[in-house]
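An overview of the molecular structure
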Amino acid sequence: LDMDRNFAEFAALLGLPDFRPGWVWLVGAGPGDPGLITALGLHAIAHADFLLYDALVAEAVRRRPDAVLFGHSGSSSAQPIIARVAAGVRAGHPLALIVYGGVHPTYHWRDILAAEPHVDVIVRGEGEETARRLFAAIRGGVTFEDIPGLAFRRDGRPHATRPAETLANLDD
């Protein structure tokens, strides 16, 4: 079964539009049930150059957290998605602290902080201890300057604290 060919035939049979570069489509699926998506919605998704799943943004905004954490363990290809979702969170909840960690932000913290105004803090390297210290500082109203393994803006420019030590034993 050739799903691409069969879906193309199905789309033609239904008279679904040819999508052009630069078009934006908002696709919904009924009352939160992905099984209720329309044929037109599936067609739009199948031809999309970019998808933004906004339920994550809506839930973060609805909960009004003090901080929203983003992280991924690998590829740099996730960076544009994190940037767009973080921008959506910032638009809906401007007071949330947006924290980003992972391999990509560890190595590209300067570029991210320079290009992404909605990312407030980057956790560099192993985040287990650094994140714990960061949230203790937030609760206590303490500056981030003395927390190893962070990057943030100081006087509008990317700034990093000293590297955090590597954890010797992950069970501690």
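Please read all numbers here as calculations on a predicted model, not as lab measurements. (Residues numbered from 1 in each chain as written. Predicted model: local features only at pLDDT ≥ 70, side-chain atom pairs only at ≥ 80, totals over all residues. Heavy atoms only, no water.)

1. So, helix α7 (residues 127-140)
An ideal rise of 1.5 Å per residue puts 20 Å on 14 residues; α7 measures up with 19 Å between its terminal C-alpha atoms. Restricting attention to buried positions, one finds in α7 the residues Thr130, Ala131, Leu134 and Ala137. In a view along the axis of α7, the buried residues occupy a sector of 125°, so they form one face of it. Turned more than 90 degrees off the buried face of α7, the exposed positions are Glu128, Arg139 and Gly140. Those residues of α7 that are buried are in contact with β2 (97-102), β3 (121-123) and β4 (150-154). Once α7 ends, the next one or two residues include Gly141, with phi positive near 65°. (Helix = DSSP H or I, 4+ residues; strand = E, 2+ residues; numbered from the N terminus. Expected span 1.5 Å × (residues − 1). Buried < 20%, exposed > 50% of the residue type's maximum accessible area, 1.4 Å probe, protein only. Arc of directions from axis to C-beta. Contact = heavy atoms within 4.5 Å.)

2. Quick look at the sheet that holds β3
Two modes of strand pairing occur in sheets, parallel and antiparallel, and in both the strands are linked by backbone hydrogen bonds. Spatial ordering of the open sheet is given by β1-β2-β3-β4-β5, a layout of five strands whose pairing is mixed. Each having just a single partner strand, β1 (67-72) and β5 (157-160) make up the two edges of the open sheet. Along the sheet, successive strands turn relative to each other by an average axial angle of 25°, direction set aside. Pairing of β1 with β2 involves six bridges; the strand directions are parallel. Paired with Leu69 across the bridge in β2 is Val99. Lying over the sheet, helix α4 (residues 79-92) contacts β1 and β2, oriented at roughly 170° with respect to β1. (Pairing = 2+ DSSP bridges. Axes fitted to C-alpha atoms, helices over the stretch in contact; angles between N-to-C directions.)

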